[in-house]
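These are the residues of each chain, in order.
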Amino acid sequence: MEDLFRSYWWLLFPMAWFLVMGWSSWMDYRRHRDRLDLLKTYAEKGQEPPAELLQSITRNETMESWGMGPDTPGHRRHSNWPWQANVVLFTVLAAGFGYATWTDLYGAGEAFTIVTFVMVALALAFLVSGVFTKKPRG
Amino acid sequence: MEDLFRDFWWLLFPIAWLIYAGWSGWLGERRRAEAMRLVRAYNERGQEPPAELTRLAFGKEG
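Residues numbered from 1 in each chain as written. Chains lettered and ligands numbered in written order. Predicted model: local features only at pLDDT ≥ 70, side-chain atom pairs only at ≥ 80, totals over all residues.

**Student:** Which residues make up the overall build of chain B, and what are the values?
**Tutor:** What chain B contains, in helices and strands, is three helices and zero strands. Across chain B, helices and strands are ordered from the amino to the carboxyl terminus as α-α-α. Taking all 62 residues of chain B together, the buried fraction comes to 13%. (Helix = DSSP H or I, 4+ residues; strand = E, 2+ residues; numbered from the N terminus. Buried ≥ 20, exposed ≤ 12 C-beta atoms within 10 Å, placed from the backbone.)

Now the structure itself:
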């Protein structure tokens, strides 16, 4: 059992990633369900719902919190953490894990190769998303 | 077992972060849900909810 853990401890990281994304999706689902319920009460009373409520229904806050959502005048992005910071973060992580792969750090070069690929993919994804996402005017 | 801990003690940091992030997200969600409940109460009484409350319920500050 201990040997198995020593060989595959790095699997904890992709597993944790899936857990985090699953948890975020669950939170998003609950939030949207509550908002739709609230919207229903406005519709039943024949009232106009607040603009913030209507805008919030079409948002994917999981992606926005990673700086990958559209930026519209009605709601700001997570302004303290711009997409460029994600690119820098994952590039530095990719470089670090790349070094670990190159030097076969802790004798786990193969595991670090996979982690390096994931980090490079994320850095590129944030870069492409940041460059091609429409910016608000003004 | 002790050897395993000596080799992988640093894993405690990402695991602790995961627990913290999950807990923090859950509390944020509860805060938002409570704000939404209040907005609904205002709506049922035919009143306009305060702007701060709608921001907490539908914005990202929650």
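**Student:** Mind laying out the confidence of the model for chain B, listing which residues take part and the relevant values?
**Tutor:** In regions of low pLDDT, the predicted coordinates are not meant to be interpreted in detail. In this model, chain B carries an average pLDDT of 87, and 95% of its residues clear a pLDDT of 70 or more. Across the predicted assembly, pTM comes out at 0.63 and ipTM at 0.76. (pLDDT = per-residue confidence, 0-100.)

**Student:** Outline the nonpolar core, supporting the account with residue identities and numerical values.
**Tutor:** All names here are of chain A. Core analysis: the biggest nonpolar cluster contains eleven residues, these being Trp 83, Val 87, Phe 90, Ala 94, Phe 97, Ala 111, Phe 112, Val 115, Met 119, Ala 123 and Phe 126. Those elements that place two or more of their residues in this core are helix H5 (83-102) and helix H6 (109-132). If one sorts the elements of this core by residue count, H6 sits on top with six residues. Apart from the residues lying within four places of it in its own chain, the contact partners of Phe 97 are Phe 112, Val 115, Thr 116 and Met 119. (Core = buried A, V, L, I, M, F, W, Y, C linked by C-beta atoms within 7 Å. Contact = placed C-beta atoms within 7 Å.)

**Student:** Describe helix H2 (residues 12-44) of chain B, listing the residues and the values that go with them.
**Tutor:** Along an α-helix, residues three or four apart share an orientation, since each turn contains 3.6 residues. When the terminal C-alpha atoms of H2 of chain B are compared, their 48 Å separation across 33 residues agrees well with the 48 Å that a helix rising 1.5 Å per residue should span. When we look at burial in H2 of chain B, the residues that qualify are Arg 32, Ala 35, Met 36 and Val 39 of chain B. For H2 of chain B, the secondary structure elements touched by its buried residues are helix H2 (12-44) of chain A together with helix H3 (51-58) of chain B. Just beyond H2 of chain B, the residue with positive phi is Gly 46 of chain B, at close to 75 degrees. (Expected span 1.5 Å × (residues − 1).)

**Student:** Quick one: what's the story with the interface of chain A and chain B, residue by residue and with numbers?
**Tutor:** Listed per partner, the contact involves 20 residues of chain A and 18 residues of chain B. When contributions to the side of chain A that touches chain B are tallied by element, the ones reaching two or more residues are helix H1 (2-8), H2 and helix H3 (51-57) of chain A. Among the elements that make up the side of chain A that touches chain B, the one with the highest residue count is H2 of chain A (ten residues). Class assignment of the residues belonging to the side of chain A that touches chain B gives a composition of ten nonpolar, four polar and six charged. (Nonpolar A, V, L, I, M, F, W, Y, C, P; charged D, E, K, R; others polar.)

**Student:** Before we move on, could you go through unusual backbone geometry and cite the residues and values that matter?
**Tutor:** All names here are of chain A. Phi is positive for Asp 104, which is not a glycine, with a value near 55 degrees. Counting through the fold element by element, Asp 104 comes out in the loop between H5 and H6. When the 11 C-beta atoms within 10 Å are taken as the criterion, Asp 104 is described as exposed. The phi angle at Tyr 106 is positive, at roughly 55 degrees, despite the residue not being glycine. Looking at the element boundaries, Tyr 106 is found in the loop between H5 and H6. Given 12 C-beta atoms within 10 Å, Tyr 106 falls into the exposed group.

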